[in-house]
Amino acid sequence: MGSFKEGLEDVVVSTSEICFIDGREGRLLYRGYDVDDLVQHAPFEEVVYLLWHGALPNLKERDAHVKALSSTANRRLHPKLIAMLRQLPKKTTPMEVLRTGVSALSAFDPDAADNSREATVRKAIRITAQMPTLVAAWERLRRGKPPVAPNPKLGLAANFLYMLTGKKPTDLAAKTVDVALTLHADHEFNASTFAARVTAATLSDIHSAIVSGIGALKGPLHGGANEQVMLMVEQIKTPERAEAWIKKALADKARVMGFGHRVYRVEDPRAKHLRRLATELGQQAGKPHYVEILNTVARVVSEEKKIYPNVDLYSGAAYAAMGIPTDQFTPIFAISRVVGWAAHVLEQHAHNRLIRPRAEYTGPTRKTYVPIDQR
Ligand SMILES: CC(C)(COP(=O)(O)OP(=O)(O)OC[C@H]1O[C@@H](n2cnc3c(N)ncnc32)[C@H](O)[C@@H]1OP(=O)(O)O)[C@@H](O)C(=O)NCCC(=O)NCCS
């Protein structure tokens with residue numbers, strides 16, 4: 001068999017019209033629009049429409065789309081699903097709950113068996129509307145509190161924070177989550193999106209594809225990195241200790257979470273937005289040291305290793321400044337990336353071919369069967 005690249009590095013497996021990454025210039029486009037422009041001008045809901053439908057919505061389309069994403073009917077969880085969550089041990093991690101919960105959502109979805117584009121868009125709306133409710137409900141339940149019902153007057157980001165805490169968030173907190181959701185929404189053929197596409201390519205349904213995506217996102221080399229970054233910040237404790245700590249970690253050949261990327265050779269274009277918002281939130285919350293620690297770590301890693309911050313370096317500092325627990329960082333990534341997964345499921349179904357690569361076999365051949373009593 002021909003040559004291959006470990007980890008499918010630089011292998012192009014399909015065409016796609018959804019997302020473009022320029023790894024040398026550090027640019028990221030959704031359907032042709034630079035994310036730098038989108039975070040400045042578009043609320044997350046518009047980005048959702050753009051990714052699924054290929055164009056920004058006009059006023060009428062925007063209103064209908066926002067209404068569908070915000071309606072209580074689409075956001076609420078079936079009481080049986082809440083009852084199911086109550087059965088889970090309190091120690092179940094939020095990513096485990098999300099994986100199990102999204103799988104269970106399909107049992108209550110009226111379109112579960114219909115894989116047409118129209119039904120898949122309807123399911124995508126419901127899953128995108130329900131995932132924040134699921135994440136927030138588990139946070140409440142594991143603390144022994146009742147879930148907070150969604151508020152249809154609030155946008156997706158503000159409503160998520162509201163359901164998490166029971167209080168209306170500050171404008172800065174809601175804006176930060178809205179921007180973070182836009183920045184995490186899609187990233188070409190990243191590991192979780194590829195997993196979702198592989199599942200969709202068997203002509204399986206969108207719930208199954210999204211469960212595949214959640215499973216892949218959970219790992220520390222992908223979405224799980226933002227949680228690991230915060231654990232590092234907690235270990236470093238103070239900005240004064242940061243330089244010596246990270247120099248020792250590099251000398252010990254540690255893999256530093258929140259740095260490096262398969263595609264970017266410069267700083268990830270999403271990092272600067274999250275750095276700015278995390279700095280503002282940290283100052284407002286009286287916790288500026290998170291970003292100060294990360295800035296020192298970033299300077300040393302960039303100088304010594306020529307490896308630059310990725311999307312996961314600063315997001316956790318922003319969430320932590322809002323008081324969100326560390327193990328909820330990756331679920332927040334998921335409630336955004338579900339939009340990208342859904343866009344890719346729609347694209348895969350529209351031009352489908354089963355994804356089935358080959359392996360270069362390196363095991364033994366022509367072994368002779370040995371009866372069990374002679375082994
Ligand atoms: C994202 C990531 C998995 C990409 O991995 P990859 O393309 O397979 O790159 P490799 O793991 O082969 O790394 C290439 C080289 O850079 C080094 N490197 C890459 N990321 C590194 C990091 N975060 N810390 C320390 N060294 C790193 C590797 O040690 C390797 O060096 P070597 O060639 O001397 O062995 C990797 O950069 C990483 O593990 N980052 C930390 C986890 C993270 O933040 N993930 C979120 C991504 S958005």
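The present account deals with the structure reproduced in this document. (Residues numbered from 1 in each chain as written. Predicted model: local features only at pLDDT ≥ 70, side-chain atom pairs only at ≥ 80, totals over all residues. Heavy atoms only, no water.)

**A short note on the sheet that holds strand S2 (residues 27–30)**
Spatial strand order, S1-S2-S3: 3 strands in an open sheet with antiparallel pairing. Across the chains shown, the open sheet's two edge strands, defined by having one partner strand only, are strand S1 (19–22) and strand S3 (33–34). Pairing between S2 and S3: 2 bridges, direction antiparallel. Considered in S3, the bridge of Tyr 30 is made with Tyr 33. (Pairing = 2+ DSSP bridges. Helix = DSSP H or I, 4+ residues; strand = E, 2+ residues; numbered from the N terminus.)

**As for the packing of aromatic side chains**
One pair of aromatic rings is described through two measures. These are the centre distance and the angle between the planes. A full pass over the atoms with the stated rule returns 2 aromatic pairs. Seen in terms of ring centroids, Phe 189 and Phe 194 are 6.3 Å apart; in terms of plane orientation they differ by 35 degrees. Their pairing is tilted. Classification of Phe 189 by relative accessible area gives partly exposed; the value is 22%. (Phe/Tyr/Trp six-rings, centres within 6.5 Å; stacked < 30°, edge-to-face > 60°. Buried < 20%, exposed > 50% of the residue type's maximum accessible area, 1.4 Å probe, protein only.)

**Focus: unusual backbone geometry**
Note: most peptide bonds trans; most residues except glycine with negative phi. Of note in this structure, Arg 31 is not a glycine but carries a positive phi near 50 degrees. Within the fold, Arg 31 resides in the loop between S2 and S3. The backbone phi angle of Leu 203 is positive, close to 65 degrees, even though this residue is not glycine. Relative to the helices and strands, Leu 203 is located in the loop between helix H10 (191–200) and helix H11 (206–217).

**Looking at the pairing of S2**
With 4 bridges joining them, S1 and S2 adopt antiparallel strand pairing. Within S2, the position partnered with Cys 19 by the bridge is Tyr 30. Between S1 and S2, which pair antiparallel and follow one another directly, the connecting turn spans 4 residues, one of which, Gly 26, has a positive phi of 70 degrees. In textbook terms, the turn of a hairpin is the stretch between consecutive antiparallel strands, and for S2 and S3 this stretch comprises 2 residues, one of which, Arg 31, has a positive phi near 50 degrees.

**Side note on the nonpolar core**
Tyr 30, Trp 52 and Met 131 are the most contacted members of the largest nonpolar core, which totals 106 residues. Among the elements that line this core, the one with the most residues is helix H17 (residues 329–350), at 12 residues. In contact with Met 131, not counting residues within four places along its chain, are Leu 98, Val 102, Ile 210, Ile 214, Ala 334, Ile 335 and Val 338. (Core = buried A, V, L, I, M, F, W, Y, C linked by side-chain atoms within 4.5 Å. Contact = heavy atoms within 4.5 Å.)

**Focus on the pattern of salt bridges**
A complete count under the given rule lists 17 salt bridges for this structure. A salt bridge links Asp 111 to Arg 126; its shortest N-O distance comes to 2.6 Å. Separated by 15 residues along the polypeptide, Asp 111 in the loop between helix H6 (94–105) and helix H7 (117–142) and Arg 126 in helix H7 bring together distant segments of the chain. Per residue, the accessibility class of Asp 111 equals that of Arg 126, and both read buried. Asp 268 is the salt-bridge partner of Arg 270, the closest N and O atoms lying 2.7 Å from each other. Pair check on accessibility: Arg 270 and Asp 268 agree, each one buried. (Salt bridge = Lys/Arg side-chain N within 4 Å of Asp/Glu carboxyl O.)

**A few points about the site of the ligand**
Taken together, 17 residues form the shell around the ligand, and within it Arg 255, Val 256, Gly 258, Phe 259 and Arg 262 come nearest. In this structure, an oxygen atom belonging to the ligand sits 2.7 Å away from a side-chain N or O atom of Arg 262. A total of 850 Å² of accessible area belongs to the ligand in isolation, and the protein chains cover 63% of it. Residues belonging to the shell around the ligand are distributed by class as follows: 8 nonpolar, 5 polar and 4 charged. (Near = heavy atom within 4 Å. Polar contact = N/O pair within 3.5 Å; in protein donor to acceptor, adjacent residues only side chain to side chain. Areas by Shrake-Rupley, 256 points an atom, 1.4 Å probe, with all protein chains shown as cover. Nonpolar A, V, L, I, M, F, W, Y, C, P; charged D, E, K, R; others polar.)

**Overview of the packing of helix H13 (residues 239–251) against helix H15 (residues 289–305)**
Two numbers describe how H13 lies on H15: the axes approach to 9 Å, and their chain directions differ by 35 degrees. Crossing angle aside, the handedness with which H13 passes H15 is right-handed. On H15, the residues that touch Pro 239, Ala 242, Glu 243, Ile 246, Lys 247 and Leu 250 of H13 are His 289, Glu 292, Ile 293, Thr 296, Val 297, Arg 299, Val 300, Val 301, Glu 304 and Lys 305. Residue composition of the contact of H13 with H15, by class: 8 nonpolar, 2 polar and 6 charged. (Axes fitted to C-alpha atoms, helices over the stretch in contact; angles between N-to-C directions. Left-handed = near helix turned anticlockwise from the far one by under 90°.)

**Looking at helix H5 (residues 79–87)**
Every buried residue belonging to H5 is among Leu 81, Ile 82 and Leu 85, and all of these are buried. The buried residues of H5 occupy one face: seen down the axis, they fall within an arc of 100 degrees. Among the exposed residues of H5, those pointing more than 90 degrees away from its buried face are Lys 80, Arg 86 and Gln 87. Its buried side turned inward, H5 meets H6 and H7. (Arc of directions from axis to C-beta.)

**Structural notes on the side chain of His 207**
For His 207, the position within the fold is in helix H11. His 207 has contacts with Val 102, Leu 105, Ser 106, Asp 109, Lys 123 and Ile 127, leaving out every residue within four places of it along the chain.

**Looking at H10**
Among the 10 residues that make up H10, 7 are buried, leaving the element largely enclosed by the rest of the structure. All of the buried residues along H10 are Ser 192, Thr 193, Phe 194, Ala 196, Arg 197, Thr 199 and Ala 200. Buried-residue contacts for H10 involve H11 and H17.

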